[in-house]
Amino acid sequence: MKRSCPSGHEKSKRKQHKSELQEQQADMSAASCLLSEDQFLCSICLDVFTDPVTTPCGHNFCKNCINEHWNSKDQYLCPLCNKVFNTRPELLVNTLFSEMVSQFRQEAQQKANSSSSEQQAAKPGEVPCDVCTGTKLKALKSCLVCLTSYCETHLEPHLTALGMKRHQLMDPVENLEDRMCMKHDKPLELFCKTDQTCVCMLCSVLDHKTHRVVPLKEEYEGKKAELGKTEAEIQEMIQKRRLKIEEIKHSVDLSKKAADREKAEGVQVFTALMESVEGGKKEIINSINKKQKQTEKQAEDFIKELEQEISELKKRSSEVEKLSHSEDHLHLLQNFPSLKAAPPTKDWTEVIVRPSSYEGTVVKAVAQLEETLSKQLKKQFEAQLKKVQQYAVDVTLDPDTAHPALILSDDGKQVYCGDVKKNLPDNPERFSDCPCVLGKQSLSSGRFYFEVQVKQKTKWDLGVARESINRKGKITARPQDGYWTIWLRNGNEYEACNDPPVDLSLKSQFQKVGVFVDYEEGLVSFYDVDAAALIYSFTGCSFTEKLYPFFSPCKNDSGKNSAPLIICPVNQTE
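These numbers come from a predicted model, not from an experiment.

> What exactly am I supposed to notice about the overall build of the chain here?
The number of helices and strands found in the chain is ten helices and 23 strands. For the chain, with 574 residues in total, the buried portion stands at 39%. Sequence separation of 24 or more characterises 60% of the internal contacts of the chain that already satisfy a separation of 6 or more. For the chain, the computed accessible surface area is about 33800 Å², with 49% contributed by carbon and sulfur atoms.

> Got a minute to help me understand helix 8 (residues 329-340) in this structure?
Under the 1.5 Å per step criterion, the end-to-end length of helix 8 is 15 Å for twelve residues, consistent within 8% with the ideal 16 Å. Backbone nitrogen of leucine 330 and a side-chain oxygen of the N-cap are separated by 3.3 Å at the start of helix 8; the cap is aspartate 328.

> Help me out: how do you make sense of the packing of aromatic side chains in this one?
Two aromatic rings, taken as a pair, are described by how far apart their centres are and by the angle between their planes. For the structure shown, the criterion picks out 18 aromatic pairs. Relative to tyrosine 76, the ring of tryptophan 70 lies with its centre 6.0 Å away and its plane at 75°, an arrangement referred to as edge-to-face. Pairing tryptophan 460 with tyrosine 494 gives two aromatic rings, centres 6.3 Å apart and planes at 55°, and the pair type is tilted. One end of the pair, tryptophan 460, is in strand 15 (residues 460-466); the other, tyrosine 494, is in strand 17 (residues 493-496), with 34 residues separating them in the sequence. Classification of tryptophan 460 as buried rests on a relative accessible area of 1%. For lysine 223, the ring lying beneath its charged end belongs to phenylalanine 336, and the centroid distance is 5.4 Å. For lysine 346, the ring lying beneath its charged end belongs to tryptophan 348, and the centroid distance is 4.6 Å.

> What am I meant to see in the sheet that holds strand 9 (residues 197-199) here?
Within a beta sheet, neighbouring strands are joined by backbone hydrogen bonds and run either parallel or antiparallel to one another. Across the sheet, which stays open at both edges, the three strands sit in the order 9-8-10 with antiparallel pairing between neighbours. Of all strands in the sheet, those with a lone pairing partner are strand 9 and strand 10 (213-215), marking the two edges. Averaged over all adjacent pairs, the angle separating strand axes in this sheet is 35°, with direction ignored. Judged from the three bridges that link them, strand 8 (residues 190-192) and strand 10 form a sheet pairing that is antiparallel.

> Help me understand the pattern of salt bridges in this model?
Any two side chains of opposite charge can pair, on the condition that their charged atoms come close. Summed over the entire model, instances satisfying the criterion amount to 22 salt bridges. Two residues, aspartate 394 and lysine 413, come together in a salt bridge whose shortest N-O distance is 2.3 Å. Of this pair, aspartate 394 sits in the loop between helix 10 (370-389) and strand 11 (406-408) while lysine 413 sits in the loop between strand 11 and strand 12 (414-417), and the two are 19 residues apart along the sequence. A relative accessible area of 17% means that lysine 413 is categorised as buried. Put simply, arginine 489 and aspartate 461 hold a salt bridge, and the shortest N to O gap is 3.1 Å. Note that arginine 489 is positioned in strand 16 (residues 483-489) and aspartate 461 in strand 15, a separation of 28 residues in sequence. By relative accessible area, which is 7% here, aspartate 461 ends up buried.

> Is there a simple way to explain the environment of leucine 488 in this structure?
Structurally, leucine 488 is set in strand 16. Residues contacting leucine 488, with those up to four places away along its chain left out, are Lys457, Thr458, Lys459, Trp460, Glu493 and Tyr494.

> What is the right way to look at the sheet that holds strand 7 (residues 169-170) in this model?
Here we have three strands laid out as an open sheet, ordered 6-5-7, and antiparallel in their pairing. The sheet is open, and its two borders are formed by strand 6 (148-150) and strand 7, each paired with just one other strand. Along the sheet, helix 4 (residues 152-160) makes contact with strand 5 (141-143), strand 6 and strand 7, crossing strand 6 at roughly 110°.

> So what exactly am I meant to see when it comes to unusual backbone geometry here?
Residues apart from glycine generally show negative phi values, whereas peptide bonds are mostly found in trans. Cis geometry marks the peptide bond from aspartate 499 to proline 500; its omega dihedral reads 5°. Summarising the element assignment, proline 500 is placed in the loop between strand 17 and strand 18 (502-504). Although it is not a glycine, asparagine 82 adopts a positive phi angle of roughly 60°.

> Explanation requested: the environment of isoleucine 284 in the structure shown.
Take isoleucine 284: it is sitting in helix 7 (residues 278-324). Separated by 80 residues in the primary sequence, isoleucine 284 and lysine 364 place their C-alpha atoms 8.8 Å from one another.

> Teacher, can you tell me more about the nonpolar core here?
Side chains of a nonpolar character, in soluble globular proteins, are inclined to be buried together. Of all hydrophobic cores here, the largest spans 38 residues; its most connected members are Trp460, Val513 and Phe551. Ignoring anything within four residues of it in the chain, the contact list for tryptophan 460 reads Val454, Ile486, Trp487, Leu488, Arg489, Tyr494, Phe510, Val513, Ser552, Cys554 and Leu565. Core analysis: the second largest hydrophobic core is formed by 35 residues, Val199, Leu227, Ile238 and Leu339 among them.

> Which parts of the structure should I look at to understand the side chain of threonine 148?
Structurally, threonine 148 is set in strand 6. Not counting the four nearest positions on each side in its chain, threonine 148 is found in contact with Asp130, Val131, Lys141, Ser142, Cys143 and Leu176.

> Would you explain the side chain of aspartate 328 in this entry?
Summarising the element assignment, aspartate 328 is placed in the loop between helix 7 and helix 8. When neighbours within four sequence positions are excluded, aspartate 328 is seen to be in contact with Val173, Arg179 and Tyr220.

> Help me understand the environment of tyrosine 483, please; the structure alone is not making it clear to me.
Summarising the element assignment, tyrosine 483 is placed in strand 16. On the basis of relative accessible area, tyrosine 483 is assigned to the buried category, the value being 2%. The spatial distance from the C-alpha of tyrosine 483 to the C-alpha of alanine 465 is 4.5 Å, given a sequence separation of 18 residues. Other than its neighbours up to four places away in sequence, tyrosine 483 contacts Phe431, Val464, Ala465, Ile469, Asn470, Ile475, Thr476, Ala477, Arg478 and Phe550. Here asparagine 470 takes part through its backbone oxygen, which lies 3.2 Å from a polar atom of the side chain of tyrosine 483.

> Help me understand the pairing of strand 20 (residues 523-528), please; the structure alone is not making it clear to me.
Regular strands have side chains that alternate between both faces of the sheet. In terms of burial, strand 20 is largely enclosed, as six of its six residues are buried. The side-chain alternation of strand 20 yields two buried faces, one formed by Leu523, Ser525 and Tyr527 and the other by Val524, Phe526 and Asp528. Two strands pair when backbone bridges link them, and strand 19 (residues 512-518) and strand 20 are joined in this way by six bridges, in the antiparallel orientation. Looking at the pairing, valine 517 lines up with valine 524 of strand 20. Between strand 19 and strand 20, which pair antiparallel and follow one another directly, the connecting turn spans four residues, one of which, glycine 522, has a positive phi of 70°. Summarising the sheet, strand 20 and strand 21 (residues 533-538) pair through five bridges and their orientation is antiparallel. The residue bridging phenylalanine 526 from the neighbouring strand is tyrosine 536, located in strand 21.

What counts, and where the lines are drawn
Residues numbered from 1 in each chain as written. Predicted model: local features only at pLDDT ≥ 70, side-chain atom pairs only at ≥ 80, totals over all residues. Heavy atoms only, no water. Helix = DSSP H or I, 4+ residues; strand = E, 2+ residues; numbered from the N terminus. Buried < 20%, exposed > 50% of the residue type's maximum accessible area, 1.4 Å probe, protein only. Contact = heavy atoms within 4.5 Å. Areas by Shrake-Rupley, 256 points an atom, 1.4 Å probe, with all protein chains shown as cover. Expected span 1.5 Å × (residues − 1). Polar contact = N/O pair within 3.5 Å; in protein donor to acceptor, adjacent residues only side chain to side chain. Phe/Tyr/Trp six-rings, centres within 6.5 Å; stacked < 30°, edge-to-face > 60°. Lys NZ or Arg CZ within 6 Å of the ring centre and 35° of its normal. Pairing = 2+ DSSP bridges. Axes fitted to C-alpha atoms, helices over the stretch in contact; angles between N-to-C directions. Salt bridge = Lys/Arg side-chain N within 4 Å of Asp/Glu carboxyl O. Core = buried A, V, L, I, M, F, W, Y, C linked by side-chain atoms within 4.5 Å.

Okay, structure coming up:
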C-alpha cells in the first residue's frame, strides 16, 4: 500500500509540534540546571525518581514506592501533605517531569564518568607513578618485567606496543624489586612448602626440585584461611576479657553493696551509744572503707591490664584483618609468620576479685565495749536472723544422692551414718566414698533458708553445693570445687571450708545451725540459731548453676558420732 504524501497543512502542523518539543527540551535543560538534586529525589526512598507518578494533590513519587506505601496502610493519604483520599487514587504520569528526571540521570552519569576519568595525584599511602616528573600521579598498574609503576598516561605503551603487551602487569605496589628472585631475577610466582619460602620458576627446577612447590595463589589461600582462624581466636580472646571486665565490675558492685550495708548497721549501733564509743564508730568505717578501696584498687588494676590487652589484641586484629583482605599474595605470605599467633597475653581464667568480707566487723570493733554493747548486738543479730528466716523452705533429703552407708528417716528429715554399706545402685547422683547427701530442693535464683539440729555430734559438714559437684571418690569441700560449707571436728573445732580454711573461734558449741543463701548477691551465711549470732559468711560468690542443701553426718566413730543431723521446722525468733 502506498503512503499518501502529507498535505501542506499537515507539514506545517508537524513543524509547529517539533518546534514546541524543542522549546520544551530547552526549558527542561534549563530547569534541570536550576533545580537542585534534592528536587529529583523521591521523599519515600530518598533516591532519584524511578517511573515518577503524580498524585491528585500534585506531589510526585516513584510508582513502586507510593504503591507499596499504600499497600501497607489502612487509608490512602499523601506522604507529603497527608491529604486523605476516600478511594485509591489513579496515579498519573507527568511526562514533562519524567523527561526532566531522565535528563538529570544522564547528566549525572556523564558528570560521574567525566570525574572518574580525571587522573589524580598520588596521596599518602598510594603508589605513585615512577615515570612522572614533577607531580607524581597515582599509579594504575605495576610491571613485573620493567619493575616500574605507571599512571594511566605512562601505562599506554604497555597496552598498545606489541612487545610490551607480553609484560606481566599487576595492581600497583611499592618495592617491586622485592618481588623478584635475587638469584635468578625472575618473578616470585611459587611457594616452597618444604622451606616455607617464595621462589621463582628457575628455583623450582634447580635449588628446590625435590621440594614440594605450589603456586603462590594456592599457598596464599591456605594462609589466608589460617589468618581468618587467627582473627576469630583473637576476637574470642577479646570477648572473654570483656566478660571478665564485667565480672570484675559486678564483684566490685557486690562488694560496695556489702560495704554500704555494713556501714549502715555499724552507724546504727554506734550512734545509740555514748560519746565514748565515737572513736569505735570511726574505726569501723575507716576499716570498711580501706577494704573497699583495696578491692576497687585491685579491680582497677585488673581492668587496666585487661583493657591494655584488649588494645593490643585490637591492634593485632586490625593488622590481621588488613592482611587477610590483602589480594597481594607475596605481601600476605611475607607478613604471615609475624601475625599468625596472637600477642602474648595473661591467662585470666582463674583471676577474680574477691570482695572483702565485712561480716563480723561490727562485733570486732565493739569487743572492748562488750558489756555496754552486748544488748545492742543481741538485738542486731536477732533482727538479721529474723529477716533471713522469712526465706525458709521445706527441705527434705534426696535418697538417690545418699552414700550407701547413710540411713535416712522415712520423712527425709534425719540422717546418720550406719556401720554397713547398703547394696544400692551406683547412679551418677550418688556419693560413692564420702558419707554425704543432698537435699531435693534446689535454688537457681532468689534466696532460701533452712535450719539443721547438730547437737550431740562430734563431727559434721553442712552447707550448700552446686549441681555439677564431683560425687565419686575423694571430695575437697571448697568454693572452687562447688562447696560452701562449715564443719565440726573433734567435738569443738569449727572451720569454714574456704580457701584457705578459716578457723571459727566460738565460745561454746551450738545446737542448731541456720543456712541462708542469696543467689544474686553471691552470699552464703551460717547462723547459731539459739544465740541469734552470725557464725560465718561466704561473700562475693559467683553462682552459675543450681545449688542444693548439702549434709554430711560423718562416720559414727564407734557410736561417738551416732546422733543424726535433723532438718528442723523454722520458728522465727521473737
